[in-house]
Amino acid sequence: MLNGKKIVLGITGSIAAYKSCLIIRELIKKGAEVQVVITPAGKEFITPITLSALTHKPVISEFFSQRDGTWNSHVDLGLWADAMVIAPATASTIGKMANGIADNMLITTYLSMKAPVFIAPAMDLDMFAHPSTQKNLRTLQDYGNHIIEPGTGFLASTLEGKGRMEEPVNIVARLEEYFSNEDIKPLAGKKILITAGPTYEKIDPVRFIGNYSSGKMGLALAEECASQGADVELVCGPVSAKMSRDYPNIHRTDVESAQEMYEACKAIYPTMDAGILCAAVADFTPETVADQKIKRTGDDMIIRLKPNPDIAASLGKMKRAEQKLVGFALETNNEESNAQDKLKKKNFDFIVLNSLRDKGAGFKTDTNKISIISAEGRKDFPLKSKVDAARDIVDEMVSTFNS
Ligand code: CTP
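Note that the coordinates shown come from a computational prediction; the quantities given were computed from them, not determined experimentally.

1. What about the overall build of the protein?
And then number 1: Looking only at helices and strands, the protein features 14 helices and 19 strands.
And then number 2: In terms of its C-alpha atoms, the protein occupies a principal-axis envelope of roughly 80 × 50 × 40 Å.
And then number 3: The burial tally for the protein puts 49% of its 403 residues in the buried class.
And then number 4: Where the 48 positive side-chain charges of the protein centre and where its 51 negative ones centre are 1 Å apart.

2. Describing the site of the ligand
And then number 1: With respect to spatial proximity, the complete set of residues near the ligand consists of Leu277, Ala279, Val281, Asp283, Pro309, Asp310, Ile311, Ala312, Gly327, Phe328, Lys342 and Lys346.
And then number 2: At 2.7 Å from an oxygen atom of the ligand is found a main-chain nitrogen or oxygen belonging to Ala279.
And then number 3: The separation between an oxygen atom of the ligand and a polar side-chain atom of Asp283 is 3.0 Å.
And then number 4: Within the complex, 77% of the 570 Å² of free accessible area of the ligand lies under protein.
And then number 5: Of all the secondary-structure elements, those providing two or more residues to the shell around the ligand are helix H12 (311-318) and strand S14 (324-331).
And then number 6: Within the shell around the ligand, the residues separate by chemical class into seven nonpolar, one polar and four charged.

3. Quick notes on the packing of helix H5 (residues 91-99) against helix H6 (residues 105-112)
And then number 1: Viewed as axis vectors pointing N to C, H5 and H6 meet at an angle of 40°, and their least axial separation amounts to 10 Å. The angle between H5 and H6 falls in the class oblique. Between H5 and H6 lies a crossing whose hand is right-handed. Counted together, Thr93, Lys96 and Met97 of H5 and Leu106, Ile107 and Tyr110 of H6 form the full contact between these two elements.
And then number 2: In terms of residue class, the contact of H5 with H6 is made up of four nonpolar, one polar and one charged.

4. Digging into the sheet that holds strand S15 (residues 350-355)
And then number 1: Strand order across the open sheet formed by eight strands is S10-S9-S6-S11-S14-S15-S17-S18, with mixed pairing between neighbours. Across the chains shown, the open sheet's two edge strands, defined by having one partner strand only, are strand S10 (250-254) and strand S18 (377-380). The average angle at which neighbouring strand axes cross in this sheet is 20°, direction not considered.
And then number 2: Alignment of strand S17 (residues 370-374) against S18, held across four bridges, turns out to be antiparallel. Bridge assignment links Ser374 to a residue of S18, and that residue is Gly377.

5. Focus on the state of the cysteines
By definition, a disulfide links the sulfur atoms of two cysteines through a covalent bond.
And then number 1: Counted by the stated rule, this structure contains zero disulfides.
And then number 2: We note that Cys265 lacks a disulfide partner, and the nearest cysteine sulfur, in Cys236, lies 11 Å from it.
And then number 3: Cysteine Cys278 shares no disulfide, and the gap to the nearest cysteine sulfur, in Cys236, comes to 9.8 Å.

6. Quick word on the nonpolar core
And then number 1: Leu221, Cys225 and Met397 are the most contacted members of the largest nonpolar core, which totals 36 residues.
And then number 2: Those elements that place two or more of their residues in this core are strand S6 (191-196), helix H10 (216-227), strand S9 (231-236), strand S11 (274-277), S14, S15, S17 and helix H14 (386-402).
And then number 3: Those residues in contact with Cys225 that lie beyond four places of it in its chain are Leu187, Ile192, Ile194, Ala230, Val232, Ile276, Val394 and Met397.
And then number 4: Judged by nonpolar contacts, the second largest core, of 29 residues, contains Leu27, Ala32, Ala120 and Met165.

7. Description of the packing of helix H11 (residues 258-268) against H12
And then number 1: Between H11 and H12, whose axes approach to 10 Å, the crossing angle comes to 15°. Regarding the angle of H11 to H12, the classification is roughly parallel. Of the two elements, H11 crosses H12, and the hand of that crossing is right-handed. Residues Ala258, Met261, Tyr262, Cys265 and Lys266 of H11 pack against Ile311, Ser314, Leu315 and Met318 of H12.

8. Regarding the packing of aromatic side chains
For any pair of aromatic rings, the description rests on two quantities: the centre-to-centre distance and the angle between the ring planes.
And then number 1: Tallied over the full model, the rule gives three aromatic pairs.
And then number 2: Arranged with centres 5.4 Å apart and planes meeting at 80°, the rings of Tyr178 and Phe179 form a pair that is edge-to-face.
And then number 3: A centroid spacing of 3.7 Å and a plane angle of 10° characterise the contact between Tyr200 and Phe208, whose relative ring orientation is stacked.
And then number 4: In this structure Tyr200 comes out as partly exposed when scored by relative accessible area, which is 23%.

9. Observations concerning the layout of surface pockets
And then number 1: One number sums up the size of the largest pocket: a volume of about 1400 Å³.
And then number 2: The wall of the largest pocket is formed by 39 residues, among which Pro116, Gly144, Tyr178, Arg245 and Asp246 lie closest to the centre.
And then number 3: Of the residues forming the lining of the largest pocket, the biggest block, six residues, is contributed by helix H9 (residues 168-183).
And then number 4: Counting the residues that make up the lining of the largest pocket, at least three belong to each of domain 1 (6-182) and domain 2 (191-402).
And then number 5: Looking at the second largest pocket, its volume works out to about 780 Å³.
And then number 6: Lining the second largest pocket are 35 residues, with Ala279, Ala280, Val281, Phe328 and Leu330 positioned closest to its centre.
And then number 7: Counting residues per element, the ones that place at least two in the lining of the second largest pocket are H10, H12, S14, helix H13 (335-345) and S15.
And then number 8: Here the element with the most residues in the lining of the second largest pocket is S14; it accounts for four residues.
And then number 9: Classifying every residue of the lining of the second largest pocket gives 16 nonpolar, 12 polar and seven charged.

Rules behind the numbers
Residues numbered from 1 in each chain as written. Predicted model: local features only at pLDDT ≥ 70, side-chain atom pairs only at ≥ 80, totals over all residues. Heavy atoms only, no water. Helix = DSSP H or I, 4+ residues; strand = E, 2+ residues; numbered from the N terminus. Buried < 20%, exposed > 50% of the residue type's maximum accessible area, 1.4 Å probe, protein only. Lys, Arg positive; Asp, Glu negative; His and termini not counted. Charge placed at Lys NZ, Arg CZ, Asp CG, Glu CD. Near = heavy atom within 4 Å. Polar contact = N/O pair within 3.5 Å; in protein donor to acceptor, adjacent residues only side chain to side chain. Areas by Shrake-Rupley, 256 points an atom, 1.4 Å probe, with all protein chains shown as cover. Nonpolar A, V, L, I, M, F, W, Y, C, P; charged D, E, K, R; others polar. Axes fitted to C-alpha atoms, helices over the stretch in contact; angles between N-to-C directions. Parallel < 35°, antiparallel > 145°, perpendicular 65-115°, else oblique. Left-handed = near helix turned anticlockwise from the far one by under 90°. Contact = heavy atoms within 4.5 Å. Pairing = 2+ DSSP bridges. Disulfide = S-S within 2.5 Å. Core = buried A, V, L, I, M, F, W, Y, C linked by side-chain atoms within 4.5 Å. Phe/Tyr/Trp six-rings, centres within 6.5 Å; stacked < 30°, edge-to-face > 60°. 1 Å grid on protein atoms, 1.4 Å probe; cavity = no way out; pocket = protein on both sides within 12 Å on 5 of 7 lines; lining within 4 Å. Points joined across faces, edges and corners; volume = space filled by probe spheres on them. Domains from an automatic or database assignment.

Here it is, written out as structure tokens:
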């Protein structure tokens, strides 16, 4: 059911626009409230009178409502909706959405949308198969939109029957499935601190001691926790890696040094349900930072280092019984016994081990080969993308919460 769900239905200029009536009827039957936004071309295929009779609401099409000149606010619609469905979506609308060409009310509404967006393409096979359309659809999918298509999705190898709009009942079923999964998101209501990336320890105004951590594993963990419904506090060292999209439930604090990361984490962790400490924190930092760029003198250069705070160990000490803490260990030798030691010393619930001996694991790669070690034992996972490895780690955390 879709009881009380507020759906913005975008209709564009395709012959399949008549099927929008069936989508509206199905949505309303399931208990949803529907607001139609139609493009100028859409109105050539179906009249706003029919649509407003079905939805019991005026149809929005122009930036200004013609009668009294009031401004139709796409921003308000973006906040009002629980989901936006664009069905049928023509090649032209898909292209404009992918490229931010906001020349009608439907596109401005899409660009302001805070809720998930579902797109049901409708066009002839040649238009659908054109690399331009395929590229735009891929872009929209990368932006986190859901493409609804008959069969197995637009990246399937066969294009037979492609481009035809998915049947209205199936479109509505996809929405129902989305909302039913949302209700059972395993980390809904949980707050999770994640540290990611390297730290930079300043030597002088232009030099630092750092490491090769790319931050990709930490960002993947943040995305996975957010997708599973958690509110994420991401404390991130200097990284150039980007998340695949924006998440309203990820709050990011950027830091540079281990000391800054320590202070941010100490302040955040007490209100969290769990922490995942994925950052490659420098264990040492220069005892003094030169105010001016250090000049070559011809002599040996000695930088005296002092220890940094151990963020994991401090959080492990302040951890309350109901809180969880997950650490990482990157080892080159005696992997398992070193990881076991860290598990106990830092009071982790489990530790994720990557060995630098494994090809494709560790820093700078897009893949990782992990083992999860806890008091219960050891689980080894095959080489996977960091995104998939993040899912294994988060799944393990979900079972720790439930145990
Ligand atoms: N860690 C941390 N703060 C530090 C150092 C490490 O929070 N100052 C965390 C890492 O994020 C990771 C775990 O501790 O989750 C293990 O880090 P690692 O550097 O491998 O452990 P160390 O205790 O520093 O041991 P080693 O002697 O191997 O460097």
